[in-house]
Amino acid sequence: MRLNQTIITLIISIFVISCSATPGDAAYRGGHPVQAANLYMQGAKLGDSDAALKLARMISESEVSISQYGSATKWLKRSCELKNNVGCHNLALVYEYGENGENKEYTKAQGYYLLAAEKGYMQSQYNLGTLYSNQYLDDNVEGLKWILLSQKFAKKCSEEPLCNWVLQDPPGHRAMLENRMTEKQILKSHKEVDEWKSK
């Protein structure tokens, strides 16, 4: 699961970097990380959620120093506060896996995944379901609901590798949940999916 999670995070980071222009991108591409980080920090402070996310990535990959810019977690929190789904998702990963000097805190991970999952962010829906599947959280009906929702969204982009991966569910999280559930509980999860609306 860790390797797969890293792949998902990497795909998301590449997508964010390549698809949005943020002041600092040109400096970053030109090999000037400090200049890029300064511009990202300025943008993040002014409310640019992508700038906060990019600064967090640079810090977590040791391209710039924590002593000068603060922790990657700080900037992921800023990105999430600015309602960036990727920022919330990556912040949840920090707490799920105990990265960036943080302790593993599954309830914090749940909360940050939930912020993006409730807005229809497929990756957070899937990862939220895996917290239940792995029994870090105790509610099989809720866990299956999130896995099913992620797969429902993944059907819309099934030709893309990440969406196909969610549909295939190689670790078998859906099966792990269903194997612990009664038929009535499984039907309840499906009903909740049918009634679910994005916030």
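Structure's up top.
Summary of the structure given here. (Residues numbered from 1 in each chain as written. Predicted model: local features only at pLDDT ≥ 70, side-chain atom pairs only at ≥ 80, totals over all residues. Heavy atoms only, no water.)

Among the nonpolar cores identified, the biggest contains 55 residues, and Leu 55, Ile 59, Tyr 69, Trp 75, Tyr 113, Leu 128 and Trp 146 are the most heavily contacted of them. For this core, the element with the most residues is helix 7 (residues 85-97), which contributes eight residues. Excluding residues within four positions of it along the chain, Trp 146 makes contact with Leu 114, Ala 117, Glu 118, Gln 125, Tyr 126, Leu 128, Gly 129, Tyr 132 and Trp 196. (Core = buried A, V, L, I, M, F, W, Y, C linked by side-chain atoms within 4.5 Å. Buried < 20%, exposed > 50% of the residue type's maximum accessible area, 1.4 Å probe, protein only. Helix = DSSP H or I, 4+ residues; strand = E, 2+ residues; numbered from the N terminus. Contact = heavy atoms within 4.5 Å.)

Before going further, it helps to spend a moment on the pattern of salt bridges. Pairing between side chains becomes possible if they bear opposite charge and their charged atoms approach one another. Applying the stated criterion across every chain, the model contains eight salt bridges. Between Glu 63 and Arg 57 there is a salt bridge, with the nearest N and O atoms lying 3.0 Å from each other. By relative accessible area, which is 29% here, Glu 63 ends up partly exposed. Residues Arg 174 and Glu 178 are paired through a salt bridge, measuring 3.1 Å at the closest nitrogen-oxygen approach. Taken together, the positions of Arg 174 and Glu 178, both in helix 12 (residues 173-179) and four residues apart, correspond to about one turn of that helix. On the basis of relative accessible area, Arg 174 is assigned to the partly exposed category, the value being 28%. Since its relative accessible area comes to 23%, Glu 178 is described here as partly exposed. Overlapping salt bridges, with partners in common, bring together Arg 57, Glu 61 and Glu 63 in one network. (Salt bridge = Lys/Arg side-chain N within 4 Å of Asp/Glu carboxyl O.)

Within the structure shown, the criterion is met by five aromatic pairs. Their ring planes at 15° and their centres at 6.0 Å tell us that Tyr 95 and Tyr 112 sit as a pair that is stacked. In this pair, Tyr 95 sits in helix 7 while Tyr 112 sits in helix 8 (residues 106-117), placing the two residues 17 residues apart along the sequence. With a relative accessible area of 1%, Tyr 95 lands in the buried category. The class of Tyr 112 is partly exposed, set by a relative accessible area of 21%. Look at Phe 153 and Trp 196: their rings are 6.0 Å apart centre to centre, the planes differ by 85°, and that puts the pair in the edge-to-face class. On the criterion of sequence distance, the pair formed by Phe 153 in helix 10 (residues 140-154) and Trp 196 in the segment after helix 13 (183-195) is long-range, its members being 43 residues apart. Each member of the aromatic cluster is reached from another via a ring pair, and the members are Trp 146, Phe 153 and Trp 196. (Phe/Tyr/Trp six-rings, centres within 6.5 Å; stacked < 30°, edge-to-face > 60°.)

In this model helix 3 (residues 33-45) runs 18 Å from its N-terminal to its C-terminal C-alpha over 13 residues, within 8% of the 18 Å that 1.5 Å per residue would give. Among all positions in helix 3, only Ala 36, Ala 37, Tyr 40, Met 41, Gly 43 and Ala 44 are buried. Taken around the axis of helix 3, the buried residues stretch over an arc of 165°, which confines them to a single face. In this structure, the buried side of helix 3 is in contact with helix 2 (25-29), helix 4 (49-60), helix 5 (66-69) and helix 6 (72-81). Phi turns positive one or two residues past the end of helix 3, at Gly 47, with a value near 110°. (Expected span 1.5 Å × (residues − 1). Arc of directions from axis to C-beta.)

So, about the environment of Val 94. Topologically, Val 94 is positioned in helix 7. Once the C-alpha coordinates of Val 94 and Lys 108 are considered, the two residues, 14 residues apart in sequence, prove to be 9.5 Å apart. Ignoring anything within four residues of it in the chain, the contact list for Val 94 reads Thr 73, Leu 76, Glu 99, Asn 100 and Glu 102.

Across all of its chains, the model carries two disulfides by this definition. With its sulfur 2.0 Å from that of its partner, Cys 80 forms a disulfide with Cys 88. Handedness here is read from the sign of the S-S torsion; for Cys 80 and Cys 88, about 95°, the answer is right-handed. Classification of Cys 80 by relative accessible area gives buried; the value is 7%. Residue Cys 88 is classed as buried on the basis of its relative accessible area, which comes to 2%. Across the disulfide, Cys 157 is cross-linked to Cys 163 (sulfur-sulfur distance 1.8 Å). For the disulfide bridge between Cys 157 and Cys 163, the dihedral angle about the S-S bond is near -85°, and by the sign convention the bridge is left-handed. Residue Cys 157 shares its accessibility class with Cys 163, and that shared class is buried. Counting its disulfide-bonded cysteines in sequence order, the protein shows a connectivity of 1-2, 3-4. (Disulfide = S-S within 2.5 Å.)

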